[in-house]
Amino acid sequence: MKLKIKTYIAILAFTGLVTSCGDSFLDRPPLSEISADNFYQTSSDLKLATAALYAGTPWAEWLYSSYLPVGDVLSGNMALGWNGDATQFNSFSVTGLNGGVIAAWKGMYKVVGHCNVTINSINEKSLNVVPEADVKQAIAEAKFIRGYAYYNLATLWKDVPIIEDNSVLISSPLVNRNTCNDVYQFIVNDLTYAANNLAAKNDKGRVTKWSAQGLLAKVYLAWAGLKSKVQGQRDQALLDSARLYAGNVCDNSGLELMSNYADIFKTANNDNSESLFALQWVPNTSDWFSGNMLQIYSSADVKISANGQAGWFGIVPTYDMYLEYDEKDTVRRKATFMFNGDYYPELNQAGGGYTYKGDAALKKHIIGTNKDNNAPTMTLTSSSEHNALLRLSDVYLVYAEAILGNNATTSDPEALKYFNLVRTRAGVDNLTTLNEDIILKERRIELAAESQYWFDLVRLSYFNPSKAISMLNNQKRVPFSVGSDGKVTPKDAYNSITQATINTFTLPIPSADITANPKLLEPAVPYFK
């Protein structure tokens, strides 16, 4: 049964009025139908309110325009040549008019706005009415998701406005950016609250204390570079915090990697134990920007798309990405990118499986037809995949990197244990010594097509900008062909590629927002007095 509350609440987010979300967790009211006057009165109300934060229009718009273009095209993992916005990401020539930039900025601030309304409404309406533990749990979920959104904003733009109360924008719509260090402190505050108040086990699909500690570890690892005072060195106290929280997840959560890498991304395994934070999509919407739209990036073949509709973007791995895989690393490569002759029994099951023909294409997030997924209402723009934004293997590799810290190499048993668990699952040889380059490469392969590698490169740019710039400028950021003999040959670039600079690691603020709020061009100010 779907709960529908027919009253309206105006939610003013940083970039404008938010739109209602689609359903998730089966019984989820759109945010625009939740009224602060008659809601937030029971524990069930709080669960419904927080469920609405896990999917919907803000996430869908970001997923469509920014998730792969920013995380994987800008970073050099993939190439996309379908329009001017895409080629800007290919060539380091991104402007404030870029649709992917606008979608990321708007989407994350709308998520923040939704979380703010939820947190403030709970504080106003639920205290002394709903059991304290349930109140704290609900606020912790909202703060986790707000922390994730601000982590995206800080990574992509550094200095950004911190908004905790949407209503203040009604009287004072012009706001300054806040310093990046204060944004990171704000994120840590939110995630620390979440880690202290989320349960170790929660309803399937909802975040837990292990989710919060895993994300805290990633945030501390990035912040350690930002607070670097010497090139090549990171703040040791923040590295220690990253190690502490990642280690807690690794050693104390009881969570384990799935045995088969490819199984992680199958809809039958949505919200598996390796998934620490995933968006909760349902395949029953035809509304634009309301569902999981990642299947639009599939190759133009109706046999592997919902309802006989083929994808149209045709995103491809770069030659640089191809070179990262060694001969043994076939499990992850095949689960991430389709090469000529690759067979997938889970796709086009009614036709006996699917053998890909042609040059390389995206496989991860390409889940097949309605029948393949037992999802008759799925459309091309409402995939039933609950795509994970934080996975356990990510935290394993964060742990190894935090242990390495400022050392040139490490053979620490804990670092090797969890690093090699990732490699063992992939069917590649274990290593006995780790360094920065080895860990970064492992992360690139393990998390390819999951919008992670750009974040890794930005993190590197904080404390070793010359190395990060050099890595970008030495990439072979071109598509490639695969001959009938299996020979791989680089193609021409989709467009002219400019040289990366340190400014490449900070996206431009959308032009329309600068016009509406000229204060965004002023120097950033402290948030914490």
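You'll find the structure just up there.
Source: prediction; values computed, not measured. (Residues numbered from 1 in each chain as written. Predicted model: local features only at pLDDT ≥ 70, side-chain atom pairs only at ≥ 80, totals over all residues. Heavy atoms only, no water.)

## Structural notes on the packing of aromatic side chains
Between two aromatic rings, the relevant description is the distance of the centres plus the angle of the planes.
Okay, so step 1: This model, assessed by the stated rule, comprises 35 aromatic pairs.
Okay, so step 2: Measuring from centroid to centroid gives 6.0 Å for Tyr220 and Tyr245, while their planes differ by 5°, and the two rings are stacked. Of this pair, Tyr220 sits in helix α8 (residues 209–226) while Tyr245 sits in helix α9 (residues 236–252), placing them 25 residues apart in sequence.
Okay, so step 3: Each ring, one from Trp288 and one from Phe289, has its centre 5.6 Å from the other, and the planes form 40°; the classification is tilted.
Okay, so step 4: Linked through ring pairs, Tyr54, Trp59, Trp62, Tyr67, Phe144, Tyr148 and Phe277 together constitute an aromatic cluster.
Okay, so step 5: One cation-aromatic arrangement involves Lys143 over Tyr193; the distance from NZ or CZ to the ring centre is 4.5 Å.
Okay, so step 6: Sitting over the face of the ring of Tyr344, Lys334 holds its NZ or CZ atom 5.3 Å from the ring centroid. (Phe/Tyr/Trp six-rings, centres within 6.5 Å; stacked < 30°, edge-to-face > 60°. Helix = DSSP H or I, 4+ residues; strand = E, 2+ residues; numbered from the N terminus. Lys NZ or Arg CZ within 6 Å of the ring centre and 35° of its normal.)

## A short note on empty space enclosed by the protein
Over the atoms rolls a probe the size of a water molecule, and its path tells where empty space is left.
Okay, so step 1: For the structure on display, the rule yields seven cavities of 30 Å³ or more.
Okay, so step 2: The volume enclosed by the largest cavity comes to roughly 110 Å³.
Okay, so step 3: Along the walls of the largest cavity sit 14 residues, with Ile264, Phe265, His386, Asn387 and Ala388 positioned nearest its centre.
Okay, so step 4: Of the residues that constitute the lining of the largest cavity, the class distribution is three nonpolar, seven polar and four charged. (1 Å grid on protein atoms, 1.4 Å probe; cavity = no way out; pocket = protein on both sides within 12 Å on 5 of 7 lines; lining within 4 Å. Points joined across faces, edges and corners; volume = space filled by probe spheres on them. Nonpolar A, V, L, I, M, F, W, Y, C, P; charged D, E, K, R; others polar.)

## Details of the nonpolar core
Okay, so step 1: Counting residues in each nonpolar core, the largest one holds 157 residues, and the members touching the most others are Trp59, Trp62, Tyr150, Trp157, Tyr184 and Phe277.
Okay, so step 2: The element contributing the most residues to this core is helix α5 (residues 132–157), with 15 residues.
Okay, so step 3: The contact partners of Trp59, leaving out residues within four places of it in the chain, are Leu53, Tyr54, Met108, Val111, Ile145, Tyr148, Phe277, Leu279, Trp281 and Leu389.
Okay, so step 4: Counting five residues, the second largest nonpolar core, distinct from the first, contains Tyr261, Ile264, Phe265 and Ala335. (Core = buried A, V, L, I, M, F, W, Y, C linked by side-chain atoms within 4.5 Å. Buried < 20%, exposed > 50% of the residue type's maximum accessible area, 1.4 Å probe, protein only. Contact = heavy atoms within 4.5 Å.)

## Observations concerning the packing of α5 against helix α7 (residues 180–197)
Okay, so step 1: Direction vectors running N to C along α5 and α7 enclose 150°, while the axes themselves pass 8 Å from each other. When the axis of α5 is compared with that of α7, the two are roughly antiparallel. Crossing handedness for the pair α5 and α7: left-handed. Across the interface between the two elements, Lys136, Gln137, Ile139, Ala140, Lys143, Phe144, Arg146, Gly147, Tyr150, Tyr151, Ala154 and Thr155 of α5 pack against Cys180, Val183, Tyr184, Phe186, Ile187, Asp190, Leu191, Tyr193, Ala194 and Asn197 of α7.
Okay, so step 2: Classifying every residue of the contact of α5 with α7 by side-chain character gives 14 nonpolar, four polar and four charged. (Axes fitted to C-alpha atoms, helices over the stretch in contact; angles between N-to-C directions. Parallel < 35°, antiparallel > 145°, perpendicular 65-115°, else oblique. Left-handed = near helix turned anticlockwise from the far one by under 90°.)

## Notes on the pattern of salt bridges
Okay, so step 1: One pass over the structure, following the stated rule, counts 33 salt bridges.
Okay, so step 2: One salt bridge connects Asp190 with Arg146, and the closest N-O pair in it is separated by 2.7 Å. Of the two residues, Asp190 sits in helix α7 while Arg146 sits in helix α5, which places them 44 residues apart along the sequence.
Okay, so step 3: Taking the shortest distance from any N to any O, the salt bridge between Arg332 and Glu446 comes out at 3.0 Å. Here the residue Arg332 occupies a position in helix α11 (residues 330–336), and Glu446 occupies one in helix α14 (residues 436–446), the gap between them amounting to 114 residues. Of the two residues, Arg332 and Glu446, both sit in the buried class. (Salt bridge = Lys/Arg side-chain N within 4 Å of Asp/Glu carboxyl O.)

## A closer look at unusual backbone geometry
Okay, so step 1: In this model, Tyr40 sits at a positive phi of 60°, which is unusual for a non-glycine residue.
Okay, so step 2: Mapped onto the elements of the fold, Tyr40 is located in the loop between β2 (16–17) and α1 (43–51).
Okay, so step 3: Even without a glycine there, the phi angle at Lys158 is positive, about 65°.
Okay, so step 4: Of the residues examined, Lys158 reaches a relative accessible area of 30% and is grouped as partly exposed.

## Some points on the environment of Val249
Okay, so step 1: When you line up the elements, Val249 lands in helix α9.
Okay, so step 2: Once residues within four sequence positions are removed from consideration, Val249 is found in contact with Trp210, Gln213, Gly214, Leu392 and Val395.

## A word on α1
Okay, so step 1: All of the buried residues in α1 are Asp45, Leu46, Leu48, Ala49, Thr50 and Ala51.
Okay, so step 2: Packing partners of the buried residues in α1 comprise α4 (99–125) and α5.

## Topic: α7
Okay, so step 1: Counted at 1.5 Å a residue, the expected span for α7 with its 18 residues is 26 Å, and the 26 Å between its end C-alpha atoms agrees.
Okay, so step 2: Contacts made by the buried residues of α7 are with α5, α8 and α15 (453–463). (Expected span 1.5 Å × (residues − 1).)

## Some remarks on the packing of helix α2 (residues 57–73) against α5
Helix-helix packing is described using two parameters, namely the angle between the two axes and the distance between the axes.
Okay, so step 1: Where α2 meets α5, the axes come as close as 14 Å, and the angle between the chain directions of the two elements is 40°. One way to sum up the angle between α2 and α5 is to call them oblique. Once α2 is placed against α5, the crossing between them reads as left-handed. Two secondary-structure elements touch here, α2 through Trp59, Trp62 and Val70 and α5 through Ile145, Tyr148, Asn152 and Leu156.
Okay, so step 2: Grouping the amino acids of the contact of α2 with α5 by side-chain chemistry returns six nonpolar, one polar and no charged.

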